[in-house]
Each structure stands twice: as C-alpha cells, then as structure tokens.
Amino acid sequence: MTTPATAIADPPQPPSSTGPLEIDPGRVQLDHSGMRTRDWFVILPEGMIADDLKVPEIWSRVQKHRQKALAQHDKLYLVAFDGDWAIEARVAQATRSSAVLALTKRVSLPQRTTPLFEDDEYRVEWTANGYQVVRKADAMPVGRIFPTEEFAIAHIRTRYPERLA
C-alpha cells in the first residue's frame, strides 16, 4: 500500500536555503522498462531534502524530456546526492510540467566508517554517481568515474611510474 506524499512524516530537517531545487534529467537513469511501467534511478541535486520531493514542480525539466518524462505508476529510487538516504516512490500523477509522488519507503544509509583515500597528489571524491579521482594541485578530475573506491585507487596507482627492481 502506498501513502500520498503529504502523509509521510519525515524527521526534522533544515529547510532548503533557496526553496526546492529542480531535478536534472541527466541525473534520471532508466533502470528497467517493463511492458507498462518503468523503473528509474534518480540522483537528487546537492542540497535537496526529502520534503522537497512533495513539490510536484521539481520534475518540470524531466517532464519536458521526451524519453525521460515520468508516467503514472512508474517506480522511482531516489538517492540523496551525498548518499545518506534514499526513497522509493511511485508516480501518482504526471503532467507535462509536474509529477506527484507517492513515497513508499525511506531508507537511511549508514555513514562511511573510513575517510576516502588520498595521497600527496590525488584524492578520491564521491560524485553522487561514483568515485572520481581529483588532482590536488589544480582540483581537476583525472579519468572517468569509477563504481567503487577500489577502482579509483587502482587508477591512481597507474598515474605513478612503475618502479623497476
């Protein structure tokens, strides 16, 4: 059974400083497409709080995107930018400029127990959709985004010359 978005009791959170943010269609990824509905994986903008999901207009940019516009009964897995929490939801109503969600489940994800890797020249950063190696000298990303921290560390190792025995 789903509950309308307005009936979900969220833990107290600080309000967004500038009001609800809009969802970037580039952060909405098709996870599965069935015969009648689709499952979407969505990385929320930095600073977005769970209460912002109750504002139907945050989906206006997504609803204008032909391939990514949400439809009634589509399923969403929404992940906070920092990865601290996730929400499962169903689309209760969709228009060309908005989408009303029925939030079905909120998941609090555990905090990191160890800091991300860094050495004298590089550091690993979380980018909401993976791990990025960043050069400390100029804060420039190096390489692609990796699915795990271990792959990012392995990439850092390739940046150093191999020592001969």
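What counts, and where the lines are drawn
- Sequence order as written defines residue numbering, which begins from 1 separately in each chain.
- Local features are withheld for residues below a pLDDT of 70 in this predicted model, meaning they are given only at 70 or higher, and side-chain atom pairs are given and counted only at 80 or more; totals for whole chains, interfaces and linings count all residues.
- Heavy atoms from the whole structure form the basis of all side-chain values; hydrogens and water molecules are not counted.
- Note on pairing: two strands pair once DSSP finds at least 2 bridges between them.
- Put simply, DSSP H or I for four residues or longer makes a helix, DSSP E for two residues or longer makes a strand, and each gets a number counted from the N terminus.
- Every axis in this analysis is a line fitted to C-alpha atoms, fitted for helices over the stretch in contact. Angles between the N-to-C directions lie between 0 and 180 degrees.
- In what follows, residue pairs with any heavy atoms lying within 4.5 Å of each other are defined as contacts.
- When the centres of two rings from Phe, Tyr and Trp lie within 6.5 Å, Trp using its six-membered ring, the rings pair. Their planes under 30 degrees apart give stacked, over 60 give edge-to-face, and anything left gives tilted.
- Partly exposed describes any residue whose relative accessible area lies between the buried limit of under 20% and the exposed limit of over 50%, with all areas from a 1.4 Å probe on protein chains only and scaled to the type maximum.
- Criterion for a charge above a ring: Lys NZ or Arg CZ within 6 Å of the ring centre, and within 35 degrees of the ring normal.
- In this text, buried Ala, Val, Leu, Ile, Met, Phe, Trp, Tyr and Cys residues form a nonpolar core when linked through side-chain atoms within 4.5 Å.
- Throughout, the arc means that of the directions going from the helix axis to the C-beta atoms.

**A closer look at the sheet that holds strand S3 (residues 75–79)**
Here is step 1: Pairing within the open sheet is mixed, and its 5 strands lie in the order S1-S2-S3-S4-S5. A strand with exactly one partner marks an edge of an open sheet, and here the two such strands are strand S1 (28–33) and strand S5 (99–108). Geometrically, the sheet is characterised by an average inter-axis angle of 25° between neighbouring strands, direction not taken into account.
Here is step 2: The pairing of strand S4 (residues 85–94) with S5 spans 9 bridges and is antiparallel. Residue pairing for S5: Ala94 is matched across the bridge by Ala99.

**A look at the environment of Glu57**
Here is step 1: Note on placement: Glu57 falls in the loop between strand S2 (38–43) and helix H1 (60–63).
Here is step 2: Along the backbone, Glu57 and Ile23 are 34 residues apart, and their C-alpha atoms lie at a distance of 9.3 Å.
Here is step 3: For Glu57, the contacting residues outside a window of four places in its chain are Ser97 and Ser98.

**As for the packing of aromatic side chains**
Here is step 1: Tallying each qualifying case throughout the model produces 3 aromatic pairs.
Here is step 2: Pairing Phe41 with Tyr77 gives two aromatic rings, centres 5.9 Å apart and planes at 25°, and the pair type is stacked. Taken together, the residues Phe41 in strand S2 and Tyr77 in strand S3 connect sequence positions 36 residues apart.
Here is step 3: Between the aromatic rings of Trp126 and Tyr131, the centroid separation amounts to 5.0 Å while the plane-to-plane angle is 65°, which identifies the pairing as edge-to-face.
Here is step 4: Overall, Trp126 belongs to the partly exposed group, its relative accessible area being 33%.
Here is step 5: By relative accessible area, which is 14% here, Tyr131 ends up buried.
Here is step 6: Positioned above the aromatic ring of Trp85 is the side chain of Arg106, whose terminal nitrogen or guanidinium carbon lies 5.1 Å from the ring centre.

**Thoughts on the pairing of S4**
Here is step 1: Two elements, S3 and S4, share 5 bridges in a ladder whose sense is antiparallel. Each bridged residue has a counterpart across the sheet, and for Val79 the counterpart in S4 is Ala86.
Here is step 2: What sits between S3 and S4 in their antiparallel hairpin is a turn of 5 residues, with Gly83 showing a positive phi close to 80°.

**Things to note about the nonpolar core**
Here is step 1: One finds Ile23, Val42, Trp59, Leu76 and Leu78 to be the most contacted residues of the largest nonpolar core, which totals 22 residues.
Here is step 2: The set of elements that each furnish at least two residues to this core consists of S2, S3, S4 and S5.
Here is step 3: Here the element with the most residues in this core is S4; it accounts for 4 residues.
Here is step 4: The contacts of Val42, once residues within four sequence positions are left out, are Ile23, Arg27, Val28, Trp59, Leu76, Tyr77, Leu78 and Val79.
Here is step 5: Within the second largest apolar cluster, 9 residues are counted, among which are Tyr122, Val124, Val142 and Ile156.

**Side note on helix H2 (residues 149–158)**
Here is step 1: Buried within H2 are the following residues: Glu149, Ala152, Ile153, His155 and Ile156. Projected down its long axis, H2 carries its buried residues within an arc of 155°, all on one side. Opposite the buried face of H2, at more than 90 degrees from it, the exposed residues are Glu150, Arg157 and Thr158.
Here is step 2: Packed against the buried residues of H2 are strand S6 (122–126), strand S7 (131–135) and strand S8 (140–146).

**Concerning the pairing of S2**
Here is step 1: Where S1 and S2 come together, 5 bridges link them in antiparallel fashion. Bridged to Val28 within S2 is Val42.
Here is step 2: The antiparallel hairpin formed by S1 and S2 contains 4 residues in its connecting segment.
Here is step 3: Bridging between S2 and S3 involves 5 bridges; their strand directions are parallel. What sits directly across from Trp40, in S3, is Leu76.

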